[in-house]
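The lines below spell out each chain.
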Amino acid sequence: MRVVIAKPLHTFARHALLLAGAVALPALAGPALANPTIVFDLENGKILQHQEAFERWYPASLTKLMTAYVAFRAIAAGEVQLDSPIKVTKRSASEPPSKMGFKPGSVMRLDNALKMMLVKSANDVAMAIGENIGGSQAAFAERMNAEARRLGMTGSHFVNPNGLFSPDQYTTARDLGLLVMAIRTEFPQYASWFSIEGLAVGKKRIPNYNLLIGRYPGADGMKTGFVCPSGFNLIGSATRDGRTLVAVVLGEKSAITRAETVARLLDHGFATPTAGWLTVAALPSYGDTTSVNDLNDEICRKKPAKEQSEAAAPVGDKKAPKSPYQKKLDAPTLVAVGLGGATGPIPKAMLDGSGREFADVPLPSWRPDLPPPPGAEPAVIGSATAAQNVQPAKAMN
């Protein structure tokens, strides 16, 4: 059972005043939501509904949206190109599932890497993107935090590019709204990547973990996330009659319930002709903005591993009608991705002062012209064309 600590009366009063700035939505079926949520119009950022929007939450793989945003900014700045090589490092290859399972030294195009990260939510690929574009995980995290500050994401902090759990990595529903608006408005050329129904990697078929894609009318994005402390997170977007709405839901109990909740929020949003006057950027802070909610015991304690997965179905009455978001797509459109084909320039972060690659070292932990620090792992040497085979993708943890 989840324990909710009572808040002072003035906090609820202030929250009610804030909600007055957004169009009230009809009550959702079932008990009232306790999760952080926000629903807004993408074109102008005007809010239709919000709840606990400033409560800190573990982002899990929603982190990968910031990783993609930093990569898009790096492309725009000329640091890297879509066909630039992203080399799998020893560190990235060792990241736990969900992952692609490529061997250290394997090389892929940046655009393929981003698609695998966004659709498969591959932790190893996300780390490889971060290391190659940033030069190291720490340097890439600095860039993530710099972008967060620039966007006004005041309740967020990042330490890794894939969202694997760290107590120091957190965000808020409102901050994620700001990030989504930045991605979709600054880089519309990549919008289709967030609505890919599935990937084809050789003979392997990988469906999108976002169950709205291909099932909810007009669904066109964006990302799922899950670790035990966060619960099941989902940012869903949909476009109907030229109007795009975005719903952020954090801390749901399963992959199915998060899809159903986002779908209901979007349904109510589309049924509301106009949003309120408050925008995501102008929404005043409220509630507890310092504590991070941890759902580990509620989501994962004493539950089998198969229920601790983005692919898991909810536990319930087996005789109950099947959710439309549990059904497999009849003929999903697949996008082919894989290794090789990286003929573009090497990311600038992987070059030394003379423009040469760092001795082809996939683990960018120190400059090769300096002695390694004590205790550092040995370098892993890999060919720029090595490891064209694809190891089986492992199950989501």
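Residues numbered from 1 in each chain as written. Predicted model: local features only at pLDDT ≥ 70, side-chain atom pairs only at ≥ 80, totals over all residues. Heavy atoms only, no water.

> So, the overall build of the chain: which residues are in play, and what are the values?
The helix and strand tally for the chain stands at nine helices and 10 strands. Burial statistics for the chain: of 397 residues in total, 55% are counted as buried. Within the chain, contacts between residues at least 6 apart in sequence are counted, and of these 71% link residues at least 24 apart. Surface summary for the chain: the accessible area is close to 17200 Å², and the carbon and sulfur share equals 56%. (Helix = DSSP H or I, 4+ residues; strand = E, 2+ residues; numbered from the N terminus. Buried < 20%, exposed > 50% of the residue type's maximum accessible area, 1.4 Å probe, protein only. Contact = heavy atoms within 4.5 Å. Areas by Shrake-Rupley, 256 points an atom, 1.4 Å probe, with all protein chains shown as cover.)

> Before we move on, could you go through the pattern of salt bridges and cite the residues and values that matter?
Applying the stated rule across the entire model yields nine salt bridges. In this structure, the salt-bridge partner of arginine 243 is aspartate 41, at a minimum N-O distance of 3.4 Å. With a gap of 202 residues between them, arginine 243 in strand 9 (residues 243-252) and aspartate 41 in strand 1 (residues 37-41) connect regions that are remote in the sequence. Across the pair, aspartate 41 and arginine 243 agree in class, each one buried. Here glutamate 298 ties to lysine 253 by a salt bridge, and the two come within 3.4 Å at their closest N and O atoms. Of this pair, glutamate 298 sits in helix 9 (residues 296-300) while lysine 253 sits in the loop between strand 9 and helix 8 (255-270), placing them 45 residues apart in sequence. For lysine 253, a relative accessible area of 36% corresponds to the partly exposed category. (Salt bridge = Lys/Arg side-chain N within 4 Å of Asp/Glu carboxyl O.)

> Tell me about helix 4 (residues 110-119), and please be specific about residues and values.
Most of helix 4 sits inside the fold, with 10 of its 10 residues counted as buried. Serine 121 sits one or two positions beyond helix 4 and adopts a positive phi of about 60°.

> Explain the sheet that holds strand 1 residue by residue, including any values.
Strand pairing in a sheet takes place through backbone hydrogen bonds and is either antiparallel or parallel in direction. The strand order across the open sheet formed by five strands is 2-1-9-8-7, and the pairing between neighbours is antiparallel. Each edge of the open sheet carries a strand with a single partner, namely strand 2 (47-51) and strand 7 (219-227). Strand-to-strand twist of the sheet, defined as the mean angle between neighbouring strand axes without regard to direction, takes the value 5°. With eight bridges connecting them, strand 7 and strand 8 (residues 231-240) associate as antiparallel partners. Pairing of alanine 219 across the sheet is with alanine 238, part of strand 8. Packed onto the sheet, helix 8 meets strand 1, strand 2, strand 7, strand 8 and strand 9 and runs at close to 145° relative to strand 9. (Pairing = 2+ DSSP bridges. Axes fitted to C-alpha atoms, helices over the stretch in contact; angles between N-to-C directions.)

> Break down the confidence of the model for the chain for me, citing the residues and quoting the values.
Residues with a pLDDT of 70 or more make up 77% of the chain, whose mean pLDDT is 84. Taken as a whole, residues 359-368 scores under 50 in pLDDT and shows 30 contacts with residues more than four places along the chain or in a different chain. Predicted confidence for residues 370-397 stays below pLDDT 50, and this span has 59 contacts to residues more than four positions away or in other chains. (pLDDT = per-residue confidence, 0-100.)

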